[in-house]
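Chain by chain, the residues run as shown.
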Amino acid sequence: MEDLLKALRKIGLALPDHEQLLQLSDPDSEVQDNLARHLSLTPAKDDLVADEKDATDAADASSTAEDDEELALDPLVDADLFKGAVQALLENYNKAIDKERDFLRKEREALSAPKKLKPVPLKALLARQAAEIKKRQEEVYVAGHDPDTGRKRRRLYLPRQTFDGVGSYASEKPLDQLKRIDADELEAPKRFDGRYVLCKVASSLNLYVGCTFIGVLPSGNAIPISIAHFTSNLHVGGKELDAHLPVGTVLAIREPFVSINHFAKGGPCQGGKSVPGIRVDTPTDVHILDRLSQADANILDATTWKIDVAQDHAEHFDDVASLLKDSPAACNTKGCRWLQDGPLARLVASSSAESAERHIRDLDSSRKSELGRRTRSLIQSLLGENRPGAAYRELCAARLLKLPLSTSPDSSIAEDLELEGQVLYRKCDFARSRLAFESALSAYPSSQRTAAQDRILDTLTAVRAAQKASALGPTHENVWAYYFDSQSYATPRFDVQDWFGPVEIANIPGAGRGLVLTRDVDEGELLLCCKAAASSYAADSGCRGVHLLRYTVESGVTSTTTQVLAATRSVHAMVDRNELTLPIMGLTAGPGVEHSRWVGEEYPSPPKREYTDAQASADEIELLIQACSSLSTSSLQQRWRQTVLDGSVRSSIDTSYVDGVLRFNAFGPAANPGGKSSFTQDSELTRSTMVHPLPAILNHACLPNVSSVFFGDIVTTRALHPLKKGTEIMHQYVKGEQPWLIRRSQLSKHGFKCGCGICVMDERDGEDKVRERGKVVGGSLSMLQERSRIVLKSSEKTEKEMEDHRDLAESLQELVDKVQATYHVERPILRPDLMKIYQLMALHQSEYDLDAAARTELQALQSIGCTVSQGGERVLNDLPSLHFDGGITSMLTLAKFMLKQEKKDEARRWVEQAFYTHQCTIGGGLDIFLDRWLDAFPDLPYREWLPRC
Ligand SMILES: C[S@@+](CC[C@H](N)C(=O)[O-])C[C@H]1O[C@@H](n2cnc3c(N)ncnc32)[C@H](O)[C@@H]1O
């Protein structure tokens, strides 16, 4: 990839944008040809940040600079030359990609006849590693700067291409059931069942997407090691990266896979010129050894290392005593390495309570308070690394070891409780966070209480609100905030726990599990409000500017940035909070993929939570304060111990299963869908991928009975009709208003045939008719839309213009007739292909005959399943079954027509119907409704007619 970008830069052309990146290795020659043409006609823009002098010059020269730049290339004269050059570059790029693919395919054949590994001298491997690191640094520099002048670019643009080699490995066996293997037995390609490799990190780390380093085995042999899904912060480098696994760290890699291309998960493309090494597909296969656990100490004591590495002693500790004296200073340095729990949690998990406590008791008071201070800072830095589970375990361990975390003796319990409140808040454990904050407030001595209140109250208010929304379901105000916050922030993540309405998980014949109603529900009733267990946004600071393409040789699927990093974030979240493993790994990973062992377990529904405005009782507060002051061994202390112990057991996570879970259950990558869907630009930075475990259990229907709407990492699901107890609720994986054949192809990866109402109707119409319908709509409608644009440009009302409008309306009516002929005679009114045609027709009719226009607009609504009410309170009997935004557009258009005819009451009823439809699908009240519709329909008196909620 770098070579291609370098060459494009050299000849002065723009780099492929993120959509074009996906076309780079498209086998279709037409796509390649188009891409070459586009690239060759797009000169590089000056994307360098102007310094002050440039800014003044630029102001003097006004816009000429850009014009000059455009003139430097004459596309007409140079087009062929440039296109030829770009074609050659794309060919070279594709040759390298093909080589990589072939090489990885060959690895699969070679699995049956692995060959002994030839030793490579440590020096040579270290030199290669240093060169790789330098290459990566240069690549990053050029992506952010002009290499000649050193001037910064306006934005970093760093595409990276990786390949997933064949197979995927994750060890299920604990270390003590495995036998050590050394270099003399290593062969490639081969998975070493029942064995483990012990090695020391011997080099700096190199991060591409996965992370690579050189390991030295006890025999003195060296080998490259690559770990996939190492971090979701792809901008981390240098010392900060090395601190994750400092030189000298001892690792055990369980049941390693030795590959002929150790980069083959998350590494750069090598065009087939790779070096064999250990390819670790899942972070949970790596165990970091130190002397805190007796089992690890036994392994270390029994191992002699033929050569040693130049370990930085400041980064390591020899035993518990030195650990307690010198560590931890901050996350990932001294005693707390990559994905490892904090040292106190490890100490508690690996030794008896008394011996662990004795270690702390033996420290003199200044050492003890120093350790308390460092532990506090470690907990905060774990929170900063999005590891609230590890932060909480370290806090629980400190309490069990009776280590105060503050330096001020008169407020130590209060400070400790305040910290607990923060940690539990980040864990989204709102009930206990609130108790901790409320207890902290009462534990502060009166002299410090006011300051503490000033500090805590805002957070406490947020915690209470989150607890309330999680227990009772979100209010309109909550939805209002979710909506507007997700419009305002690039990476919206909200504080809420899953809220489960009247639904339960049930087995659905032929469709696995699904969700069914436990009672009758009303139209528009909220059924679910859930937060993603893991989410990745293209705008996340850890990957901003980086554009990933991960090609999986076996499935032929290319995943992009947020998909790759959502998998990394999911794996890390499960390592941090074991309780997330069942909800994520208990999902299915696509047809033909064997279920994980969690799928058979009962899928967890959120508990029924309680909320009261009243503060926690004095007894509850007293119990917590007592437990923190270690006056007694309470049930709380038992719970802290269990928390620490549970965290020390890590499930083995097969990352390719996680990829499958994300492919078949995640939402996105898509523009932030809670936004103004019909108007928002699908900017690359609004893309996201996230997994919502409970909503992922919902099955699909093109004609859904519920609608799911996103606000950042929250999804809400509401009933679209009154539904009976026992009904399965189903939402859309793909848009139901699209033509049947397109829906079918989009759903094909799932391996089921949708049997919903509209699919049955389309099937009865017959494939030939559906195809014919597609051709008619696809061909004629776009031509008529183009004509319509031209006619609508003129605001004059001359006879000629009126004639044009009539002509167009007639042509559109002919198109309607043609489309109608493709439906089965007995098909009900649901004919969504007609909606846009009717809407356009009504627009033109409204220029000369408002009654006719209103009748046509009503037909648009009928085509998406609405029936007009004969007299009732509302104008329509039902909400649209599909295409809700299209439906609201028609309703507001009707209101506009009515207002023009001075039928104010009718206009008002249509506006009310539109607002009601909005409330039943999105909710959140008038502000959201106006944010979405005011620009398109500015002249309706909404505020006069509509309530705020
Ligand atoms: C997001 S999951 C839904 C939960 C899934 N039913 C389960 O048991 O875990 C998507 C998968 O559910 C199944 N599925 C969803 N909708 C279906 C339908 N209408 N008919 C049959 N299977 C369906 C397909 O296997 C699909 O890949």
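Residues numbered from 1 in each chain as written. Predicted model: local features only at pLDDT ≥ 70, side-chain atom pairs only at ≥ 80, totals over all residues. Heavy atoms only, no water.

## Some points on the overall build of the protein chain
Argument step 1. Broken down by element type, the protein chain carries 33 helices and 26 strands.
Argument step 2. Its C-alpha atoms give the protein chain a radius of gyration of 31 Å, within 12% of the compact-globule value 30 Å for 949 residues.
Argument step 3. Each principal axis of the C-alpha distribution contributes one length, and for the protein chain these read about 95 × 75 × 65 Å.
Argument step 4. Expressed as a percentage of its 949 residues, the buried residues of the protein chain come to 54%.
Argument step 5. Sequence-distant contacts, at least 24 apart, represent 72% of the contacts inside the protein chain between residues at least 6 apart.
Argument step 6. Surface exposure of the protein chain reaches about 41,700 Å², of which carbon and sulfur atoms provide 51%.
Argument step 7. Where the 115 positive side-chain charges of the protein chain centre and where its 136 negative ones centre are 4 Å apart. (Helix = DSSP H or I, 4+ residues; strand = E, 2+ residues; numbered from the N terminus. Rg over C-alpha atoms; globule rule 2.2 N^0.38 Å. Buried < 20%, exposed > 50% of the residue type's maximum accessible area, 1.4 Å probe, protein only. Contact = heavy atoms within 4.5 Å. Areas by Shrake-Rupley, 256 points an atom, 1.4 Å probe, with all protein chains shown as cover. Lys, Arg positive; Asp, Glu negative; His and termini not counted. Charge placed at Lys NZ, Arg CZ, Asp CG, Glu CD.)

## Quick word on helix H29 (residues 850–863)
Argument step 1. With 14 residues, H29 extends 20 Å from end C-alpha to end C-alpha; this agrees with the ideal 20 Å at 1.5 Å per step.
Argument step 2. The complete set of buried residues in H29 reads Leu850, Ala852, Ala853, Ala854, Thr856, Glu857, Ala860, Leu861 and Ser863.
Argument step 3. Of the surrounding elements, those touching the buried residues of H29 are helix H28 (835–845), helix H30 (884–900) and helix H31 (904–921).
Argument step 4. Structurally, the start of H29 carries an N-cap: the backbone nitrogen of Asp851 is 3.2 Å from a side-chain oxygen of Asp849.
Argument step 5. Gly865 lies just past H29 and shows a positive phi near 100 degrees. (Expected span 1.5 Å × (residues − 1). Polar contact = N/O pair within 3.5 Å; in protein donor to acceptor, adjacent residues only side chain to side chain.)

## What about the sheet that holds strand E19 (residues 546–552)?
Whenever strands of a sheet pair, they do so through backbone hydrogen bonds, lying parallel or antiparallel.
Argument step 1. Spatially, the three strands line up as an open sheet ordered E2-E19-E20, and their pairing is mixed. A strand with exactly one partner marks an edge of an open sheet, and here the two such strands are strand E2 (158–164) and strand E20 (557–560). Going from strand to strand, the sheet's axes swing by 20 degrees on average, the running direction of each strand aside.
Argument step 2. Inspection of the sheet shows E2 paired to E19 by seven bridges, in the parallel sense. The residue bridging Thr162 from the neighbouring strand is Arg550, located in E19. (Pairing = 2+ DSSP bridges. Axes fitted to C-alpha atoms, helices over the stretch in contact; angles between N-to-C directions.)

## As for the packing of aromatic side chains
Argument step 1. Overall, the coordinates contain ten aromatic pairs when judged by the stated rule.
Argument step 2. Measuring from centroid to centroid gives 4.5 Å for Phe230 and Trp338, while their planes differ by 10 degrees, and the two rings are stacked. Of this pair, Phe230 sits in the loop between strand E9 (222–227) and helix H8 (238–242) while Trp338 sits in the loop between helix H10 (320–326) and helix H11 (343–350); the two residues are 108 residues apart in sequence, bridging distant segments of the chain. When sorted by exposure, Phe230 lands in the same class as Trp338, which is buried.
Argument step 3. Ring centres 5.4 Å apart and planes at 80 degrees place the aromatic pair Phe915 and Phe929 in the edge-to-face group. Note that Phe915 is positioned in helix H31 and Phe929 in helix H32 (residues 926–933), a separation of 14 residues in sequence. (Phe/Tyr/Trp six-rings, centres within 6.5 Å; stacked < 30°, edge-to-face > 60°.)

## Considerations on the site of the ligand
Argument step 1. Taken together, the neighbourhood of the ligand is formed by 16 residues, with Ala511, Arg513, Ala696, Asn699 and His750 sitting nearest.
Argument step 2. Contacts to the ligand include Arg513, whose backbone N or O atom sits 2.7 Å from an oxygen atom.
Argument step 3. Burial of the ligand by the protein amounts to 87% of the accessible area it has alone, namely 560 Å².
Argument step 4. Broken down by secondary-structure element, the contributors of at least two residues to the shell around the ligand are helix H23 (655–665) and strand E23 (699–700).
Argument step 5. Of the residues that constitute the shell around the ligand, the class distribution is eight nonpolar, seven polar and one charged. (Near = heavy atom within 4 Å. Nonpolar A, V, L, I, M, F, W, Y, C, P; charged D, E, K, R; others polar.)

## Some thoughts on the packing of helix H18 (residues 476–488) against H32
Argument step 1. Between H18 and H32, whose axes approach to 9 Å, the crossing angle comes to 35 degrees. Contacts between H18 and H32 involve Val479, Trp480, Tyr483, Phe484 and Gln487 from the former and Asp927, Ile928, Asp931 and Arg932 from the latter.
Argument step 2. Looking at the contact of H18 with H32, its residues break down into five nonpolar, one polar and three charged.

## With respect to the state of the cysteines
Argument step 1. For the coordinates displayed, the defined rule picks out zero disulfides.
Argument step 2. Cys530 provides the cysteine sulfur closest to Cys529, a residue in no disulfide bond, and the two sulfurs are 6.6 Å apart. (Disulfide = S-S within 2.5 Å.)

## Re the pattern of salt bridges
Argument step 1. Here the structure, examined in full by the defined rule, presents 59 salt bridges.
Argument step 2. Put simply, Glu912 and Arg908 hold a salt bridge, and the shortest N to O gap is 3.0 Å. One end of the pair, Glu912, and the other, Arg908, are both in helix H31, four residues apart, so they sit about a helical turn from each other.
Argument step 3. The partly exposed category is assigned to Arg908, whose relative accessible area is 32%.
Argument step 4. Sharing partners across several salt bridges, the network here consists of Glu2, Glu132, Lys135, Arg136, Glu139 and Arg160. (Salt bridge = Lys/Arg side-chain N within 4 Å of Asp/Glu carboxyl O.)

## Thoughts on the UniProt feature "coiled-coil region" (unreviewed entry) in the protein chain
Argument step 1. What UniProt calls "coiled-coil region" (unreviewed entry) maps, in this numbering, to residues 795–822.
Argument step 2. The distance from the first to the last C-alpha atom of residues 795–822 is 36 Å, and the span holds 79% helix and 0% strand. (UniProt positions renumbered as here; feature names shortened; annotations may be inferred.)

## Re the domain arrangement of the protein chain
Argument step 1. Domain parsing of the protein chain yields domain 1 (1–110), domain 2 (116–313), domain 3 (317–472 + 616–648), domain 4 (499–609 + 653–761) and domain 5 (765–945).
Argument step 2. For domain 1 and domain 5, the distance between their C-alpha centroids amounts to 43 Å. (Domains from an automatic or database assignment.)

## Considering the pairing of strand E17 (residues 526–531)
Moving residue by residue along a regular strand, the side chains alternate between the two faces of the sheet.
Argument step 1. Buried residues dominate E17, accounting for six of its six residues.
Argument step 2. The sheet contact formed by strand E14 (residues 499–500) and E17 spans two bridges and is antiparallel. When the sheet's bridge partners are listed, Trp499 is paired in E17 with Cys529.
Argument step 3. Here E17 pairs with strand E25 (residues 714–719) via five bridges, running antiparallel. The residue of E25 that forms the bridge with Leu528 is Thr717.

## So, a negative patch on the surface
Argument step 1. Side chains of Glu799, Glu803, Asp807, Glu810, Glu814 and Asp817 sit close together on the surface and give a patch of like negative charge.
Argument step 2. Assignment of secondary structure puts Glu810 in helix H27 (residues 799–820). (Patch = residues over 30% accessible without salt bridge, like charges linked within 9 Å, V, L, I, M, F, W, Y side chains within 5 Å.)

## Quick look at the nonpolar core
Argument step 1. In terms of nonpolar packing, the biggest core is built from 56 residues, with Leu324, Leu344, Ile456 and Trp640 touching the most fellow members.
Argument step 2. Take this core: its biggest share by element is eight residues, from helix H14 (residues 388–400).
Argument step 3. In contact with Leu344, other than residues within four places in its own chain, are Leu324, Ile360, Leu371, Thr375, Glu394, Ala397, Ala398, Leu401 and Leu403. (Core = buried A, V, L, I, M, F, W, Y, C linked by side-chain atoms within 4.5 Å.)

## Regarding unusual backbone geometry
Argument step 1. Ala188 connects to Pro189 through a cis peptide bond whose omega is -10 degrees.
Argument step 2. Here Pro189 lies in the loop between strand E4 (187–188) and strand E5 (190–191).
Argument step 3. For Leu339, which is not a glycine, the phi torsion comes out positive at approximately 60 degrees.
Argument step 4. Here Leu339 lies in the loop between H10 and H11.

## Topic: the sheet that holds E17
Argument step 1. The antiparallel open sheet is built from four strands, whose spatial order is E14-E17-E25-E24. At either end of the open sheet lies a strand with only one pairing partner, and these are E14 and strand E24 (706–711).
Argument step 2. This element, H31, spans E24 and E25 of the sheet and lies at about 120 degrees to E25.

## With respect to the environment of Thr581
Argument step 1. In this structure, Thr581 sits in helix H20 (residues 581–585).
Argument step 2. The spatial distance from the C-alpha of Thr581 to the C-alpha of Arg650 is 9.5 Å, given a sequence separation of 69 residues.
Argument step 3. The residues contacting Thr581, other than those within four sequence positions of it, are Met574, Gly586, Trp598, Ser651 and Ile653.

## Quick look at the packing of H11 against H14
Two numbers describe a pair of packed helices, the interaxial angle and the distance between the axes.
Argument step 1. Their axes nearest at 7 Å, the elements H11 and H14 cross at an angle of 65 degrees. H11 and H14 meet at a crossing whose hand is left-handed. Touching Pro343, Leu344, Ala345 and Val348 of H11 are Arg393, Glu394, Ala397, Ala398 and Leu400, all from H14.
Argument step 2. When grouped by side-chain class, the residues that make up the contact of H11 with H14 number seven nonpolar, no polar and two charged. (Left-handed = near helix turned anticlockwise from the far one by under 90°.)

## A closer look at the environment of Ala534
Argument step 1. Take Ala534: it is sitting in strand E18 (residues 534–537).
Argument step 2. Sequence separation between Ala534 and Ala567 is 33 residues, and the spatial gap between their C-alpha atoms is 8.3 Å.
Argument step 3. Discounting chain neighbours no more than four positions away, the residues touching Ala534 are Ala566, Arg569, Ser570, Thr689, Met690 and Val691.

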